Amino acid sequence: MKIMDNLVVRLVLAVFIAFKALDAFFATALTITYRVNFVGTAERLGRLTPGDDYARLIPLMDAVPLWLHGMWVLAGVLYLIAMARVMLGKGWAHIPVLAALGIEVVANLVSRPIIKATGVVVNPNPSVIASVVIPFVLPLLLALVLSRQTPTPIATSR
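Worth saying up front: this structure is predicted, and the values here are computed from it rather than measured.

1. Quick look at the overall build of the protein
Step number 1: Along the protein, the regular secondary structure elements total 7 helices and 0 strands.
Step number 2: Sequence-distant contacts, at least 24 apart, represent 74% of the contacts inside the protein between residues at least 6 apart.
Step number 3: When the accessible area of the protein is evaluated, it comes to approximately 9,300 Å², of which 71% is carbon and sulfur surface.

2. Description of helix 6 (residues 128–147)
Step number 1: At isoleucine 134, helix 6 is bent by approximately 40°, the largest bend along its length, and proline proline 135 sits one to four residues beyond.
Step number 2: Along helix 6, the residues that are buried comprise Leu138, Pro139, Leu142, Ala143 and Leu146.
Step number 3: On the buried face of helix 6, the contacting elements are helix 1 (7–35), helix 4 (66–88) and helix 5 (94–118).

3. Side note on the pattern of salt bridges
Step number 1: The tally for this structure, following the rule as stated, stands at 2 salt bridges.
Step number 2: With a closest N to O distance of 3.4 Å, lysine 20 and aspartate 23 form a salt bridge. Remark: aspartate 23 and lysine 20 occur in helix 1; sequence separation between them is 3 residues, near one turn of the helix.
Step number 3: Aspartate 23 gets classed as partly exposed once you look at its relative accessible area, which sits at 37%.
Step number 4: Where glutamate 104 meets lysine 20, a salt bridge forms, and the shortest distance between an N and an O atom there is 3.4 Å. Of the two residues, glutamate 104 sits in helix 5 while lysine 20 sits in helix 1, which places them 84 residues apart along the sequence.
Step number 5: Connected through shared salt-bridge partners, Lys20, Asp23 and Glu104 make up one network.

4. A closer look at the packing of aromatic side chains
Step number 1: Taken as a whole and judged by the stated rule, the model has 1 aromatic pair.
Step number 2: Taking 6.5 Å as the distance between ring centres and 55° as the angle between the ring planes, the aromatic pair formed by tyrosine 34 and tyrosine 54 counts as tilted. Separated by 20 residues along the polypeptide, tyrosine 34 in helix 1 and tyrosine 54 in the loop between helix 2 (39–46) and helix 3 (58–63) bring together distant segments of the chain.
Step number 3: For tyrosine 34, a relative accessible area of 23% puts it in the partly exposed group.

5. A closer look at the environment of arginine 56
Step number 1: Note that arginine 56 resides in the loop between helix 2 and helix 3.
Step number 2: A C-alpha to C-alpha distance of 8.7 Å links arginine 56 and valine 122, two positions 66 residues apart in sequence.
Step number 3: Residues contacting arginine 56, with those up to four places away along its chain left out, are Pro50, Gly51, Val120, Val121 and Val122.
Step number 4: Of note is the side chain of arginine 56, whose polar atom sits 2.4 Å from the backbone oxygen of proline 50.

6. A look at unusual backbone geometry
Step number 1: At aspartate 52, a position not held by glycine, the phi torsion is positive, near 60°.
Step number 2: On the secondary structure map, aspartate 52 appears in the loop between helix 2 and helix 3.
Step number 3: Using a relative accessible area of 52% as the deciding quantity, one classes aspartate 52 as exposed.
Step number 4: Even without glycine at this site, tryptophan 92 takes up a positive phi of about 60°.
Step number 5: Examined against the element boundaries, tryptophan 92 turns out to sit in the loop between helix 4 and helix 5.
Step number 6: Residue classification places tryptophan 92 among the partly exposed residues on the basis of a relative accessible area of 43%.

7. Considerations on the nonpolar core
Step number 1: In terms of nonpolar packing, the biggest core is built from 33 residues, with Ile17, Leu30, Leu68, Tyr79, Val97 and Leu146 touching the most fellow members.
Step number 2: Among the secondary structure elements, those contributing two or more residues to this core are helix 1, helix 2, helix 3, helix 4, helix 5 and helix 6.
Step number 3: Per-element tally for this core: the top contributor is helix 4, with 8 residues.
Step number 4: Among residues more than four places away in sequence, those in contact with leucine 146 are Met4, Leu13, Ile17, Val86, Ala93, His94 and Val97.

Cut-offs and rules
Residues numbered from 1 in each chain as written. Predicted model: local features only at pLDDT ≥ 70, side-chain atom pairs only at ≥ 80, totals over all residues. Heavy atoms only, no water. Helix = DSSP H or I, 4+ residues; strand = E, 2+ residues; numbered from the N terminus. Contact = heavy atoms within 4.5 Å. Areas by Shrake-Rupley, 256 points an atom, 1.4 Å probe, with all protein chains shown as cover. Bend = angle between axes of the 7 residues up to and from the residue. Buried < 20%, exposed > 50% of the residue type's maximum accessible area, 1.4 Å probe, protein only. Salt bridge = Lys/Arg side-chain N within 4 Å of Asp/Glu carboxyl O. Phe/Tyr/Trp six-rings, centres within 6.5 Å; stacked < 30°, edge-to-face > 60°. Polar contact = N/O pair within 3.5 Å; in protein donor to acceptor, adjacent residues only side chain to side chain. Core = buried A, V, L, I, M, F, W, Y, C linked by side-chain atoms within 4.5 Å.

Right, here's the structure in full:
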């Protein structure tokens, strides 16, 4: 029995992928709630940020261009595609995970000058988990595990 044939394993992987999707959508969701003046929702989302207050992030939310939000949303959609492929047992789910990771890395690099220009410190005391594990290690490990779900060329030719 292959491990990826186990429903519990696929569910656990889907939860991790869903977490990455939410992580990718978070900044855009917070910005939208702020811009449409849903103060209560923005405050609730703001409690999930370092410092528990979205108000300090307002200059950054005003400075981030729409195309950068588009990159984050695209990464989130790719994670959702990977999650669906995992749940359906389709294989090749590692491809959208790696594509989403690549988009997130580019978005992170492009956003650094914007963040610096606003003077907002997004995470004043970043932990290794928040700055390395969640953004980079988790998706790479997911992609590695998910690549095991992909049928090998030898197995498909039989």
